[in-house]
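# Notes for the structure review
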Amino acid sequence: MTTNYYQAATSKKKIDSLLIIEKDDLQRKGLTVALMDYFNEIRSTDNPVEALHQSASKKFNIIISDYHFDIMTGKDLIRRLIKQSPESRFFIFTVNLNDQCRNELEELGIENVFEKPIDIKSLVNKIIQTT
């Protein structure tokens with residue numbers, strides 16, 4: 001389990017903190033690079049258990065997460081993250097955005113759901129609109 005930590009060099013008007021939970025290394029790094037200008041601090045991990053540990057010790061303004069993991073269901077992860085960080089705003093990505101997935105996310109109160117591949121411009125606009 002490895003969590004990467006990035007901190008902004010300059011502090012313009014930025015959102016305080018972001019947690020990225022994405023199992024694909026390339027997508028995780030791409031999101032981090034694309035969002036560096038918008039956050040003071042970014043932590044990223046490929047492991048949902050590590051994400052829960054991070055969320056327990058630090059409150060994040062924004063949490064971006066994949067929805068499908070091998071070691072835990074996305075529904076369980078999101079439910080636990082919401083319990084730990086009810087004030088965080090969640091952005092969920094999935095490859096299989098079918099009716100069951102939509103219903104599960106709706107039941108959890110998640111409004112920001114995106115289908116992969118990720119459109120960074122749409123994501124940034126949505127993040128800016130919600131802050």
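Above: the structure in question.
Below is a short write-up of the structure. For clarity, every value in this text was computed on a predicted model and none was experimentally measured.

What follows is about the pattern of salt bridges. Taken as a whole and assessed by the stated rule, the structure comprises nine salt bridges. With its nearest N and O atoms 3.7 Å apart, the salt bridge here joins lysine 58 to glutamate 41. Placement of lysine 58 in the loop between α2 (48–57) and β4 (62–66) and of glutamate 41 in strand β3 (residues 39–45) is noted, with a sequence separation of 17 residues between them. Across this residue pair, the class does not change: lysine 58 and glutamate 41 are buried.

Let us look at helix α3 (residues 74–84). Structurally, the α-helix is built with 3.6 residues per turn, so residues lying three or four positions apart point the same way. Within α3, burial applies to Gly74, Leu77, Ile78 and Leu81. One face of α3 carries all of its buried residues, which in axial projection span an arc of 95°. Tucked inside the fold, the buried residues of α3 contact β2 (15–21), α2, β4 and β5 (89–94).

This next bit is on the packing of α2 against α3. Running from N to C, α2 and α3 cross one another at 10°; their axes reach a closest spacing of 9 Å. Put simply, α2 runs roughly parallel to α3. Across the interface between the two elements, Pro48, Ala51, Leu52, Ser55 and Ala56 of α2 pack against Leu77, Arg80, Leu81 and Gln84 of α3.

Now for the pairing of β2. Along β2, six of the seven residues are buried, which leaves the element largely enclosed by surrounding structure. Sheet topology note: the β2/β3 ladder contains six bridges and is parallel. Looking at β3, one finds that leucine 19 is bridged to arginine 43. On the question of chirality, the crossover connecting β2 to the parallel β3 by way of helix α1 (residues 25–35) is right-handed. Looking at chain direction, β2 and β4 are connected through four bridges and run parallel. Looking at β4, one finds that isoleucine 21 is bridged to serine 65.

Centre distance and the angle of the planes are the two values used to describe a pair of aromatic rings. Per the stated rule, a full pass over the model turns up two aromatic pairs. An angle of 25° between the planes, with centres 6.4 Å apart, marks the rings of phenylalanine 91 and phenylalanine 114 as stacked. With phenylalanine 91 in strand β5 and phenylalanine 114 in strand β6 (residues 112–115), this pair connects stretches of sequence that are 23 residues apart. The same class applies to phenylalanine 91 and to phenylalanine 114, which are both buried. Here the aromatic residues Phe91, Phe93 and Phe114 are joined through ring pairs into a cluster of three or more. In this arrangement the basic side chain of lysine 23 is found over the ring face of phenylalanine 69, its NZ or CZ atom lying 5.9 Å from the centre. A cation sits over an aromatic face here: lysine 58 above phenylalanine 60, 5.8 Å from the ring centre.

On to the pairing of β5, then. Within β5, five of the six residues are buried, which leaves the element mostly enclosed by the surrounding structure. Pairing of β4 with β5 involves five bridges; the strand directions are parallel. If you follow aspartate 66 over to β5, its bridge partner there is phenylalanine 93. Tracing the backbone out of β4, into α3 and back to the parallel element β5 gives a crossover that is right-handed. Pairing analysis gives four bridges linking β5 to β6, with the strands arranged parallel. When the sheet's bridge partners are listed, threonine 94 is paired in β6 with glutamate 115.

Basis of the calculations
- Residues numbered from 1 in each chain as written.
- Predicted model: local features only at pLDDT ≥ 70, side-chain atom pairs only at ≥ 80, totals over all residues.
- Heavy atoms only, no water.
- Salt bridge = Lys/Arg side-chain N within 4 Å of Asp/Glu carboxyl O.
- Helix = DSSP H or I, 4+ residues; strand = E, 2+ residues; numbered from the N terminus.
- Buried < 20%, exposed > 50% of the residue type's maximum accessible area, 1.4 Å probe, protein only.
- Arc of directions from axis to C-beta.
- Contact = heavy atoms within 4.5 Å.
- Axes fitted to C-alpha atoms, helices over the stretch in contact; angles between N-to-C directions.
- Parallel < 35°, antiparallel > 145°, perpendicular 65-115°, else oblique.
- Pairing = 2+ DSSP bridges.
- Right-handed = clockwise from strand over helix to strand, strands pointing away.
- Phe/Tyr/Trp six-rings, centres within 6.5 Å; stacked < 30°, edge-to-face > 60°.
- Lys NZ or Arg CZ within 6 Å of the ring centre and 35° of its normal.

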